[in-house]
Amino acid sequence: MVTKKEEQQLETLGAFEISNDMLKLAQHNEKNNIFLNAGRGNPNWLNTKARLAFARIIEFGTQESRRTMDQGDLAGYTTLEGIRERLETFLDSESSEIDRFLLDAVDYAHDQLGADKDEFVKELVDGAIGNNYPVPSRILKNSERVINAYLESALYRGEKLADQTELFPTEGGTAAIVYIFNSLKENKLIKKGDKIAINTPIFTPYLQIPELNDYDMVEVDLRSTEENNWEIQASEIDKLNDKDIKAFFIVNPSNPGAMAFDDAALAEIKKVVEARPDFIIITDDVYGTFVTDFKTVYSVVPHNTLLVYSYSKLFGATGWRLGVIAANKDNVFDRLIGKLDEKDKEELNTRYAINVIDPEKMSFIDRMVADSRSVGLYHTSGLSTPQQIMEVLFSLTHLLNREKDAYIDASKAIVDRRYDALYKGLKIEKNPSKENSKYYSLIDIYGLAEELYGSAFKDYLVDNFEQVDFLYNLSEKNGVVLMDGVGFGTQPGELRVSEANLPDEDYEILAKQILELLGEYHAQFLQH
Ligand SMILES: *Cc1c(COP(=O)(O)O)cnc(C)c1O
């Protein structure tokens, strides 16, 4: 049994750490139930096409390498001339869907993105083989075109911004976030004591980066609620007009709230930026493709926004570490660096003088690349080339099926089914709003208690138990692991269920376990 004191100590841990602790309890749960972990956001599906294509490129690439040197396991470098033609000969586009995909990809890069076919093939091959440092270090040339086209098609809802956007691929969205915070700080765009707004509840790492203790966090809760007809409250967005708030960090669609900004919220953000041209926005759109007709904040206020995207969730690629930062060529970050006082400018010129001849003109995105390797190691910076090529291939699976992307539709249908099963099992009303990504849901245990057994029972729960008690018992007794929403900034009693990582049929069981445990608390309540 976990004591009340232990529970109080647990509440000081991060949500992910609490969850780890509960996994052990749940695996040996008291009722010998099957162990169900719906705590993690890691999807239990993955994309096969891009992975098989990657393997094909490696096969072709090693064969190409043998053309210049061939001694046992030792081969030479590939050559540009005729490489696309040799790829065509190597591939069997008649009978292999993967081979067809690769050839179509080359045509697409040429016809739609203006890439030279031989150069594109060589970039894929050398990148996948990984025998050169990433050059240019920020991103490979044609890879930038492809990833830009993907972001535009998947996240911008018709706005044409690919040509004016620069990219920096990173080791997952995680590294993107670290690099952004670090460079904003090093370049004095946010300073100690500045206010930073965040949309809450939010992915815990955003609340737990120690550097953020230097800033005054202002919570902006943009979750629309039923009472408000699912509309965002203007009073929340109004907070952003406070001149002391320098930046706004957004997870959109949110985690754990799972909701995307609706058009009204986007319009309000646009107004804020019109009134405050120096306003900085960072938007993490990892879950964007789970919302039909999603529109990123970047496409509404592109000059003020850095966009973070990750391939982790949609493509089931968390182990690959594939993220990207997007910035407009004309952006507030460069402008604000230009407006720093002379002393700050001089300090920064010295910082980046070893990287470029004219550091004052070094763009913010290039500064992020340099900062990501502590400036001194700029010459070996950049995401590994095989990772960049994997991003390109994932992107192409969408770009070649823009009209109807069966893979994206199937992944949306998965979370949709599980969401339905969970809500049906709990007998609570679904949120039908089209902004609901359904990747996660927040289950309000106190609300459920009140609905099922009345407000006296709810008060009993609130007054007599630590708020993690239900969560703990759910794992220790029933073998079900969820995540505590409080760590994400929710009200006490809200538990995050991930619709990403359990087989479909388990969501009904999960609902049953929640109701069963709540019933046991209620039996206790009747006896007390
Ligand atoms: C899962 C997740 C990410 C992805 O991180 P990776 O490092 O790319 O795996 C980023 N942001 C949020 C809000 C997430 O939930």
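All residue numbers refer to position in the chain's written sequence, counted from 1. Local features in this predicted model are restricted to residues whose pLDDT is 70 or higher, and side-chain atom pairs enter the listing and the counts only when it is 80 or higher, whereas totals over whole chains, interfaces and linings include all residues. With hydrogens and water excluded, all non-hydrogen atoms of the structure serve as input to the side-chain values.

Some words on the sheet that holds strand β4 (residues 165–171)
Link 1 in the chain: Here we have 7 strands laid out as an open sheet, ordered β4-β10-β9-β8-β7-β5-β6, and mixed in their pairing. Each edge of the sheet is formed by a strand with only one pairing partner; in this case those strands are β4 and β6 (216–220). Across this sheet, the average inter-strand angle for adjacent strands is 20 degrees, counted without regard to direction.
Link 2 in the chain: The contact criterion used throughout is that any non-hydrogen atoms of two residues lie within 4.5 Å. A fitted line through C-alpha atoms represents every axis, and for helices the fit uses only the stretch in contact; the resulting angles, taken between N-to-C directions, go from 0 to 180 degrees. Counting from the N terminus, the helices are DSSP H or I runs at least four residues long and the strands are E runs at least two residues long. Relative to the sheet, helix α8 (residues 172–186) contacts β4, β7 (245–251), β8 (280–284), β9 (305–310) and β10 (322–328), its axis offset from that of β4 by approximately 115 degrees. When DSSP finds at least two bridges between two strands, those strands are taken to pair.

Structural notes on the domain arrangement of the protein
Link 1 in the chain: As annotated, the domain borders come from an automatic or database domain assignment. You can read the domains of the protein as domain 1 (4–30 + 406–526), domain 2 (48–129) and domain 3 (141–395).
Link 2 in the chain: Spacing between the C-alpha centres of domain 1 and domain 2 amounts to 48 Å.

Some details on the site of the ligand
Link 1 in the chain: Taken together, 13 residues lie around the ligand, and Gly173, Thr174, Tyr287, Lys313 and Arg321 are the ones closest in.
Link 2 in the chain: Contact distances for the ligand include 2.4 Å between an oxygen atom and a side-chain N or O atom of Thr174.
Link 3 in the chain: Throughout this description, a polar contact denotes any pair of N or O atoms lying within 3.5 Å of each other; where both atoms belong to protein, one of them has to be capable of donating a hydrogen while the other can accept it, and for residues adjacent in sequence the pair is counted only when both atoms sit in side chains. Between the ligand and Ser312, the relevant distance is 2.7 Å, taken from an oxygen atom to a side-chain nitrogen or oxygen of the residue.
Link 4 in the chain: When isolated, the ligand has an accessible area of 390 Å², and the protein chains bury 94% of it.
Link 5 in the chain: Looking at which element gives the most residues to the shell around the ligand, the answer is α8, with 3 residues.
Link 6 in the chain: In the shell around the ligand, the residues fall into 4 nonpolar, 6 polar and 3 charged. Any residue with a non-hydrogen atom lying within 4 Å of a molecule or strand is treated as near it. Using a 1.4 Å probe, accessible areas were evaluated by the Shrake-Rupley method; residue-level cover was limited to the displayed protein chains. Three categories are distinguished: nonpolar for Ala, Val, Leu, Ile, Met, Phe, Trp, Tyr, Cys and Pro, charged for Asp, Glu, Lys and Arg, and polar for the others, with Gly belonging to the last.

Notes on the nonpolar core
Link 1 in the chain: Ranked by size, the top nonpolar core spans 66 residues in total, and within it Phe120, Tyr150, Leu151, Tyr309, Leu393 and Leu396 carry the most contacts.
Link 2 in the chain: It is helix α5 (residues 97–111) that contributes the most residues to this core, 8 residues altogether.
Link 3 in the chain: Contacts of Tyr309, omitting those with residues within four sequence positions, involve Tyr150, Leu151, Leu155, Asp285, Val286, Thr289, Leu314, Phe315, Leu322, Gly323 and Val324. Definition used in this section: a nonpolar core is a set of buried Ala, Val, Leu, Ile, Met, Phe, Trp, Tyr and Cys residues joined via side-chain atoms within 4.5 Å. Exposure categories follow from relative accessible area, calculated using a 1.4 Å probe and restricted to protein chains: below 20% of the type maximum is buried, above 50% is exposed, and the middle band is partly exposed.

Observations concerning the environment of Arg402
Link 1 in the chain: With respect to the element layout, Arg402 can be found in the loop between α15 (385–399) and α16 (406–426).
Link 2 in the chain: Sequence separation between Arg402 and Arg276 is 126 residues; the distance between their C-alpha atoms is 36 Å.
Link 3 in the chain: Ignoring sequence-local partners within four residues, the contact set of Arg402 consists of Tyr108 and Ser153.

Describing the packing of helix α7 (residues 141–155) against α15
The packing of two helices is summarised by the inter-axis angle and the distance between the axes.
Link 1 in the chain: In the contact formed by α7 and α15, the axes pass within 9 Å of each other and the chain directions differ by 45 degrees. The angle between the axes of α7 and α15 places the two elements in the oblique class. Note on packing geometry: the crossing formed by α7 with α15 is left-handed. Contacts between α7 and α15 involve Ser143, Val146, Ile147, Ala149, Tyr150, Ser153 and Ala154 from the first element and Gln388, Ile389, Glu391, Val392, Ser395, Leu396, His398 and Leu399 from the second. Angles are sorted into four bins: roughly parallel if under 35 degrees, roughly antiparallel if over 145, roughly perpendicular if 65 to 115, and oblique for all others. Crossings are classed by handedness, with left-handed meaning an anticlockwise turn of the near helix from the far one by less than a right angle and right-handed meaning a clockwise turn.

Examining the pattern of salt bridges
Link 1 in the chain: Salt bridge criterion: a side-chain nitrogen from Lys or Arg within 4 Å of a carboxyl oxygen from Asp or Glu. Summed over the entire model, instances satisfying the criterion amount to 37 salt bridges.
Link 2 in the chain: For Asp263, the salt bridge identified is with Arg157, shortest N-O distance 3.1 Å. Pair noted here: Asp263 is in helix α11 (residues 263–275) and Arg157 is in the loop between α7 and β4, with a separation of 106 residues, a long-range link.
Link 3 in the chain: Taking the relative accessible area as the measure of exposure, Asp263 reaches 41% and is therefore partly exposed.
Link 4 in the chain: Assessed through its relative accessible area of 32%, Arg157 is described here as partly exposed.

Side note on the sheet that holds strand β13 (residues 483–484)
Link 1 in the chain: With antiparallel pairing, 3 strands are arranged side by side in an open sheet as β11-β14-β13. Only two strands of the sheet have a single partner each, and these edge strands are β11 (440–444) and β13.
Link 2 in the chain: Contacting β11 and β14 (494–498), helix α17 (residues 445–453) runs over the sheet at an angle of about 50 degrees to β11.

Here we look at the packing of helix α6 (residues 117–129) against α7
Link 1 in the chain: As a packed pair, α6 and α7 sit with axes 9 Å apart at the nearest point and diverge in direction by 95 degrees. Relative to α7, α6 is oriented roughly perpendicular. When α6 is examined against α7, the residues Glu119, Phe120 and Glu123 are found in contact with a partner set consisting of Lys141, Asn142, Ser143 and Val146.
Link 2 in the chain: Residue composition of the contact of α6 with α7, grouped by class: 2 nonpolar, 2 polar and 3 charged.

Regarding a negative patch on the surface
Link 1 in the chain: Patch membership needs two things, relative accessible area over 30% and no salt bridge, and members are linked within 9 Å if like-charged or within 5 Å if nonpolar (Val, Leu, Ile, Met, Phe, Trp, Tyr). When charges are tallied, Lys and Arg are placed among the positive residues and Asp and Glu among the negative ones, while His and the ends of the chain are skipped. All charge positions are set by atom: Lys at NZ, Arg at CZ, Asp at CG, Glu at CD. A cluster of like negative charges, contributed by Glu429, Glu450, Glu451, Asp459 and Asp463, occupies part of the molecular surface.
Link 2 in the chain: Counting only elements with at least two residues in the negative patch, the list comes to α17 and α18 (455–464).
Link 3 in the chain: Here Glu429 is to be found in the loop between α16 and β11.

Section: the environment of Phe457
Link 1 in the chain: Its location among the elements puts Phe457 in helix α18.
Link 2 in the chain: Residue class for Phe457 comes out buried when judged on its relative accessible area of 0%.
Link 3 in the chain: Considering only alpha carbons, one finds Phe457 and Phe525, 68 residues apart in sequence, at a separation of 6.9 Å.
Link 4 in the chain: Ignoring anything within four residues of it in the chain, the contact list for Phe457 reads Ala449, Leu518, Tyr521, His522 and Phe525.

A look at the packing of aromatic side chains
Link 1 in the chain: Aromatic rings from Phe, Tyr and Trp, taking only the six-membered ring of Trp, are treated as a pair when their centres fall within 6.5 Å; an angle between ring planes under 30 degrees marks them as stacked, one over 60 as edge-to-face, and anything in between as tilted. For the structure on display, the rule yields 28 aromatic pairs.
Link 2 in the chain: Pairing Phe181 with Phe249 gives two aromatic rings, centres 4.7 Å apart and planes at 80 degrees, and the pair type is edge-to-face. With a gap of 68 residues between them, Phe181 in helix α8 and Phe249 in strand β7 connect regions that are remote in the sequence. A single burial state applies to Phe181 and to Phe249, both of which are buried.
Link 3 in the chain: For the pair Phe315 and Phe394, a centre-to-centre distance of 4.5 Å together with 25 degrees between the ring planes defines the contact as stacked. Here Phe315 is found in the loop between β9 and β10, whereas its partner Phe394 is found in helix α15, with 79 residues between them in sequence.
Link 4 in the chain: When its relative accessible area of 1% is taken as the criterion, Phe315 is described as buried.
Link 5 in the chain: For Phe394, a relative accessible area of 0% translates into the label buried.
Link 6 in the chain: Members of the aromatic cluster, joined through ring pairs, are Tyr453, Phe457, Tyr460, Phe465, Phe470, Tyr521 and Phe525.

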